[in-house]
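Structural overview
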Amino acid sequence: MKRLLILEDGTVFEGKAFGADIDVVGEVVFTTSMTGYQETITDQSFNGQIITFTYPMVGNYGVNRDDYESISPTCKGVIVKEHARLASNWRNQMTLDEFLKRKGIPGISGVDTRKLTRKLRSVGTMKGSLIDAGDDLTHAFDQLKATVMPRNQVEQVSTTKPYPSPGIGRNVVVIDFGLKHSILRELSKRQCNLTVLPYNTDAETILDLHPDGVMLTNGPGDPKDVPEAIEMIKEIQGKVPIFGICLGHQLFSLANGADTYKMKFGHRGLNHPVREIATGRIDFTSQNHGYAVDEKTIDPDVLMVTHVEVNDGTVEGVRHRNYPAFTVQYHPDAAPGPHDAIHLFDEFMELMDAWKEQAKCQNEQI
């Protein structure tokens, strides 16, 4: 069955349908990942977006139980050059087509993804729609142009109730803005006792749990659409160590007086080189974001820029000058992606231990 991808600028791409048989509207973005399509599709940071895979074949190793980053993905659609109908891998449990059908996500194959990506790079991300080839094009374009993209994306993907992930070590509160399961996996590997809280949890509730540290997770959309989280960060910083990832990095920066902006086409993929300013070390990183922190607005007396993106110079990490808190724009949990930056979770453990030791010494002096 034929399916069409239409863009708000009037462009039409024709391809073959797979996945769910529904029409959708979303923001069309692209990812340069060469593998990890299951993790990508189930990453809640893609909420409301139609994902273009630049790698030419997608689906060849199927879908399995181990690689979910969320159980209920909320991306709007999938665009590929070639869809592999047969999956060949010992962990395979279902095909990509079966998976998308079960999750209610439409896909389109046979699209010139190189041409589409070049358009998105030159024009920027834009609204698009996946429709049946038999639909009225004029009506479909009218609907597309009239569609207003939602602003409550974090609310859509965050947990609504607190829940634990028990461990025997450090007590870590995880603020869920649309977290990837791989973040919980890395913290659990380090024996952390985790409590996952909704995005709009207030500072008092967090501090009442007496955490050794707070994790600010990734999530979708514009960080300025989550003002309650910004206020919460202002109230907890200096009272507990903080580690922020992706959206957590942007929210932390906003809480400390910096500004953010929407990027032309964002960073999405597994091959983004990031330089640590202090050492010159370069890590290849997994990224998925459409907003960035504006370096010109950072107060150097409050925040220190620790990492920058090699290709375009965007801010990729900050550290607070006075409080035990640091954040990065990329995903050190690396699912999918290179594990170059996995050591940042160990740095978070060391930060929490140092803070506890300092507090202990101060109590003894008293």
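Residues numbered from 1 in each chain as written. Predicted model: local features only at pLDDT ≥ 70, side-chain atom pairs only at ≥ 80, totals over all residues. Heavy atoms only, no water.

- Going by an unreviewed UniProt entry, the protein chain carries the name Carbamoyl phosphate synthase small chain and comes from Enterococcus canis.
- UniProt lists a comment for the protein chain under the heading Subunit (unreviewed entry), and it reads "Composed of two chains; the small (or glutamine) chain promotes the hydrolysis of glutamine to ammonia, which is used by the large (or ammonia) chain to synthesize carbamoyl phosphate. Tetramer of heterodimers (alpha,beta)4." (UniProt positions renumbered as here; feature names shortened; annotations may be inferred.)

1. Structural notes on helix α8 (residues 227-236)
- Burial in α8 covers these residues: Ala229, Ile230, Met232, Ile233 and Ile236. Take α8 and look down its axis: the buried residues cluster within an arc of 160°, on one side only.
- Taken together, the buried residues of α8 touch β11 (171-175), α7 (203-208), β13 (213-216), β14 (242-245) and α9 (247-255).
- Looking one or two residues beyond α8, the residue adopting positive phi is Gly238, at roughly 90°. (Buried < 20%, exposed > 50% of the residue type's maximum accessible area, 1.4 Å probe, protein only. Helix = DSSP H or I, 4+ residues; strand = E, 2+ residues; numbered from the N terminus. Arc of directions from axis to C-beta. Contact = heavy atoms within 4.5 Å.)

2. Thoughts on the state of the cysteines
- Under the defined criterion, the tally for this structure stands at zero disulfides.
- Its sulfur unpaired, Cys246 is 16 Å from the next cysteine sulfur, which belongs to Cys75.
- Cys246 sits in the buried class, given a relative accessible area of 1%. (Disulfide = S-S within 2.5 Å.)

3. Some thoughts on the domain arrangement of the protein chain
- Examined at the domain level, the protein chain breaks down into domain 1 (2-149) and domain 2 (154-363).
- The C-alpha centroid of domain 2 is placed 28 Å from the C-alpha centroid of domain 1.
- Each partner contributes residues to the interface: domain 1 has 29 residues there, and domain 2 has 22 residues.
- Between domain 1 and domain 2 lies a buried interface of about 2,000 Å² when both sides are counted; carbon and sulfur atoms form 47% of it. (Domains from an automatic or database assignment. Buried area = accessible area lost by both parts, 1.4 Å probe.)

4. Focus on unusual backbone geometry
- Look at the link from Ala335 to Pro336: it is a cis peptide, with omega at 0°.
- Examined against the element boundaries, Pro336 turns out to sit in the loop between β19 (325-328) and α10 (343-365).

5. A look at the pairing of strand β2 (residues 12-19)
- Relative to β2, strand β1 (residues 2-7) runs antiparallel, the two being bridged by five bridges. Along β2, the bridge assignment pairs Lys2 with Lys16.
- From the end of β1 to the start of β2, which pair antiparallel, there are four residues, and Gly10 there has a positive phi angle of about 100°.
- For β2 and strand β8 (residues 106-109), the ladder comprises four bridges, and the chain directions are antiparallel. Among the inter-strand pairings, Lys16 is bridged to a residue of β8, identified as Ser109. (Pairing = 2+ DSSP bridges.)

6. Observations concerning α9
- Counting buried residues along α9, nine of its nine residues qualify, which places the element largely inside the surrounding structure.
- For α9, the full list of buried residues reads Leu247, Gly248, His249, Gln250, Leu251, Phe252, Ser253, Leu254 and Ala255.
- In the stretch just after α9, Gly257 is the one whose phi turns positive, near 95°.

7. As for the pattern of salt bridges
- This model, assessed by the stated rule, comprises 22 salt bridges.
- One salt bridge connects Asp21 with Arg3, and the closest N-O pair in it is separated by 3.8 Å. Of this pair, Asp21 sits in the loop between β2 and β3 (24-31) while Arg3 sits in strand β1, and the two are 18 residues apart along the sequence.
- The residue Asp66 makes a salt bridge to Arg91 at a minimum N-O spacing of 3.6 Å. Remark: Arg91 occurs in the loop between β7 (82-83) and α2 (96-103) and Asp66 occurs in the loop between β5 (57-58) and β6 (77-79); sequence separation between them is 25 residues.
- Here Arg91 falls in the partly exposed class, since its relative accessible area comes to 28%.
- One salt-bridge network, held together by shared partners, links Arg65, Asp66, Asp67 and Arg91. (Salt bridge = Lys/Arg side-chain N within 4 Å of Asp/Glu carboxyl O.)

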